[in-house]
Amino acid sequence: MGERRLHGLAAAPGVAAGRVWRVGAAADDAGSGDPQAELMRARAALLRAGDEITALAARLRADGAAEQADIVETGVLMAADPALDAAVEAAVARGLAAPQAILEACEQLADMLAAIEDPVLAARADDVRSLGRRAAAGRATPSGPGPFILVAQDLGPADVAELDERVAGIALAAGGASAHAAVIARGLGLPMVVGVGAPLLELADGTSLAVDGDRGDAIVDPRVAPPARRTRATATGPAVTRDGVRVRILVNAAGAAEVRVGLAAGAEGVGLLRTELAFLDAAAWPDEAAHRRMLEPVLALLGNRTATVRVLDFGGDKTPPFLRGISARGVALLLDQPDALAAQLRAIGAAEGVRVLLPLVRDAADVEAVRALTTAPLGAMIETTDAATRVDEIAAAADFLSIGTNDLTADVLGVDRFAPGDVATHHPRVLAQIARVGEAARAHERVLEVCGEAASDPRMIPLLVGFGVTELSVGAARVAATHAAVRALDAGAVAQLASAALEASDAAEVERLLAEAGHELGEVGDGA
Ligand code: PEP
Ligand code: MG
């Protein structure tokens, strides 16, 4: 059979090939129409979800997160709960397909548990919902040796963060894949294409498929297996410029998988933990126990290393069902919900290495309001032009600053950060705001981190170090390359280059200046 190329959009760079592992979506599963067959399917799905949870618990135990493993394992008992089975049976008898029956039954059981006034049982309600999502999504573990290419209609960021190690690449039929799923795929070095369309979903499990995350193609029955490009290089020792300036390289993560890969690659800790990505399906504000369950596996891996935990950054493309229609975002939204914020801060705690990051800070008052609720060091994210304008007062109020270049670039240039194509963070107008933040950090002697994608962009690294950035937090797959890029720099020279770039008229001129100064611009976003 000849090779067939399906065109989509590039979402995460790199090339991978393997056998199709088809993951179904609950919403578009109409079922067989036979209640008995649907009941069998639902029971099999719940059993399989139980097995997956058992395997996840074993992994957590191996990582030293025994307490977390115990919590996760309660899901196994629930999968076999007769009350759940009875509810599923009643739902299929009313004509529901297996996935919907599972979701409905789990929701009923969760509501019952949540209604009992006992914090332990209320936490179990979240576990039942999570079990339901897992079973209804039909996410089995692929069987047999990898590599596999995951094929699905769409995926959430948490699904990508939890992927089996044998998955080498991702191809999605939908065009509107959550942009944050792509951020995580890039972080893990997983090539990903989206928007491939319905023909993708007709491929049977086991079909040979390649994904080209640079061009945005999925290639069915490729003639020649393309060489896999999923670099997992390792950096050793601290990142220091040629003239002795130390820059800390940290990893961005949404869960333990990325932390594990990032630390193995030489990251010194976590510079951005996107906690909200674990709660995008939540039915209500997560409580303290739910936050603890999310945080413990990550903190267990980090020990006393830097753990920068960002409080929930809901809003925009990260809006869970219970917040649909709201306009507030980031820390402003949390300050409107002081109980929800306090619950998360209690779960985060203030152990050695832990620091708290506040998304979309508007002014010093935002930082001061949170200060009253925690003793952990507080970082303010500068992600808007307004915040950059007030950065002096914000720097005075915060313990450290972190530039969210993804949102900042979009705000300064008035572009959609998730539109396909190159986003010019190296535009002089954006650089002017970064320079301003750099000055404030220097004046107030604050650590200055960058945790947007610019931190691993070969065009931006010299400029960021030139503006005085002291920490770069990057996707796990970019740790080693970012480390190497810093070591090749001369901090004195890049400071001059950064000043010159501020005078440039556009992004192209900045690129010329970088090239003239001998900077290897590399393949932008490669493996980010
Ligand atoms: C950013 O905006 O640069 C950032 C790091 O936050 P997020 O991508 O999660 O919005
Ligand atoms: Mg942001």
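Residues numbered from 1 in each chain as written. Chains lettered and ligands numbered in written order. Predicted model: local features only at pLDDT ≥ 70, side-chain atom pairs only at ≥ 80, totals over all residues. Heavy atoms only, no water.

R274, R310, E383, N406 and R417 are the nearest of the 15 residues found near ligand 1. Here an oxygen atom of ligand 1 and a side-chain polar atom of E383 are 2.9 Å apart. Contacts to ligand 1 include D407, whose side-chain N or O atom sits 3.0 Å from an oxygen atom. Considered on its own, ligand 1 offers 290 Å² of accessible surface; in the complex 100% of this is hidden by protein. (Near = heavy atom within 4 Å. Polar contact = N/O pair within 3.5 Å; in protein donor to acceptor, adjacent residues only side chain to side chain. Areas by Shrake-Rupley, 256 points an atom, 1.4 Å probe, with all protein chains shown as cover.)

What follows deals with the packing of helix α15 (residues 405-413) against helix α16 (residues 428-443). Between α15 and α16, the shortest axis-to-axis distance is 9 Å and the interhelical angle comes to 125°. By the angle between their axes, α15 is oblique relative to α16. Between α15 and α16 the crossing geometry is right-handed. Of α16, the residues touching α15 (which contributes T405, L408, T409, V412 and L413) are R429, V430, Q433 and I434. (Axes fitted to C-alpha atoms, helices over the stretch in contact; angles between N-to-C directions. Helix = DSSP H or I, 4+ residues; strand = E, 2+ residues; numbered from the N terminus. Parallel < 35°, antiparallel > 145°, perpendicular 65-115°, else oblique. Left-handed = near helix turned anticlockwise from the far one by under 90°. Contact = heavy atoms within 4.5 Å.)

With that settled, consider the coordination of the magnesium ion (ligand 2). Within the first shell, the magnesium ion (ligand 2) binds the protein through E383 (OE) and D407 (OD), at distances of 2.1 Å. Placement of E383 in the loop between β14 (378-382) and α13 (385-389) and of D407 in helix α15 is noted, with a sequence separation of 24 residues between them. Note on accessibility: E383 and D407 belong to one class, buried. (Donors = N, O, S within 2.8 Å, 3.2 Å for Na, K, Ca; no water. Buried < 20%, exposed > 50% of the residue type's maximum accessible area, 1.4 Å probe, protein only.)

Bringing the side chain of K318 into the picture now. The topology assignment puts K318 in the loop between β12 (306-310) and α10 (330-335). Residues in contact with K318, not counting those within four places in the same chain, are H180, E276, L277, L280, R310 and D313.

In terms of nonpolar packing, the biggest core is built from 112 residues, with M192, L401, L463 and L472 touching the most fellow members. The greatest single-element share of this core, amounting to seven residues, is contributed by α16. Of the residues that make up this core, three or more belong to each of domain 1 (4-220) and domain 2 (248-521). The residues touching L401, leaving out its near neighbours within four places in the chain, are A380, I382, V391, I394, A395, V437, A441, V447, L448 and E449. Core analysis: the second largest hydrophobic core is formed by 30 residues, V88, A91, L113 and A136 among them. (Core = buried A, V, L, I, M, F, W, Y, C linked by side-chain atoms within 4.5 Å. Domains from an automatic or database assignment.)

Another aspect to go through is α16. In this model α16 runs 22 Å from its N-terminal to its C-terminal C-alpha over 16 residues, within 8% of the 22 Å that 1.5 Å per residue would give. Once α16 ends, the next one or two residues include E445, with phi positive near 55°. (Expected span 1.5 Å × (residues − 1).)

Quick look at the environment of T470 now. When you line up the elements, T470 lands in the loop between α17 (460-466) and β17 (471-474). With residues near it in sequence (within four places) discarded, T470 still touches R246, V247, R248, V447 and L448.

This paragraph deals with the domain arrangement of the protein. Each assigned domain of the protein is listed here: domain 1 (4-220) and domain 2 (248-521). Distance between the C-alpha centres of domain 1 and domain 2: 29 Å.

Mapped onto the secondary structure, A83 falls in helix α3 (residues 82-93). Judged by relative accessible area, which is 40%, A83 ranks as partly exposed. When the C-alpha positions of A83 and P377 are compared, they lie 46 Å apart, and in sequence the two are 294 residues distant.

Here we come to the packing of aromatic side chains. The relative placement of two aromatic rings is captured by the distance of their centres and the angle of their planes. With the rule as written, the count across this model stands at three aromatic pairs. Plain terms: the ring middles of W285 and F314 are 5.6 Å apart, the flat faces sit at 55° to each other, and that makes the pair tilted. On the criterion of sequence distance, the pair formed by W285 in the loop between β11 (269-274) and α9 (288-302) and F314 in the loop between β12 and α10 is long-range, its members being 29 residues apart. Overall, the relative accessible area of 1% leaves F314 in the buried class. Each ring, one from W285 and one from F322, has its centre 5.4 Å from the other, and the planes form 75°; the classification is edge-to-face. Placement of the pair is W285 in the loop between β11 and α9 and F322 in the loop between β12 and α10, with a sequence separation of 37 residues. (Phe/Tyr/Trp six-rings, centres within 6.5 Å; stacked < 30°, edge-to-face > 60°.)

With five of five residues buried, β14 is to be regarded as a mostly interior element. The side-chain alternation of β14 yields two buried faces, one formed by L378, A380 and I382 and the other by G379 and M381. By the bridge criterion, three bridges tie strand β13 (residues 354-358) to β14 in an arrangement that is parallel. When the bridges of β14 are listed, L357 appears paired with G379. Remark: the β13/helix α12 (residues 364-371)/β14 crossover connection has right-handed handedness. Inspection of the sheet shows β14 paired to strand β15 (residues 400-403) by four bridges, in the parallel sense. (Pairing = 2+ DSSP bridges. Right-handed = clockwise from strand over helix to strand, strands pointing away.)

What follows deals with the pattern of salt bridges. Scanning all chains against the criterion turns up 24 salt bridges. The salt bridge involving E276 is made with K318; its shortest N-O contact spans 3.0 Å. Highlighted residues: E276 in the loop between β11 and α9 and K318 in the loop between β12 and α10, separated in sequence by 42 residues. Since its relative accessible area comes to 3%, K318 is described here as buried. With a closest N to O distance of 2.7 Å, R346 and E288 form a salt bridge. One end of the pair, R346, is in helix α11 (residues 338-348); the other, E288, is in helix α9, with 58 residues separating them in the sequence. Given a relative accessible area of 48%, R346 falls into the partly exposed group. The class of E288 is partly exposed, set by a relative accessible area of 22%. Among the ionic contacts, a cluster of salt bridges with common partners joins R246, R248, E268, R355, E449 and E471. (Salt bridge = Lys/Arg side-chain N within 4 Å of Asp/Glu carboxyl O.)

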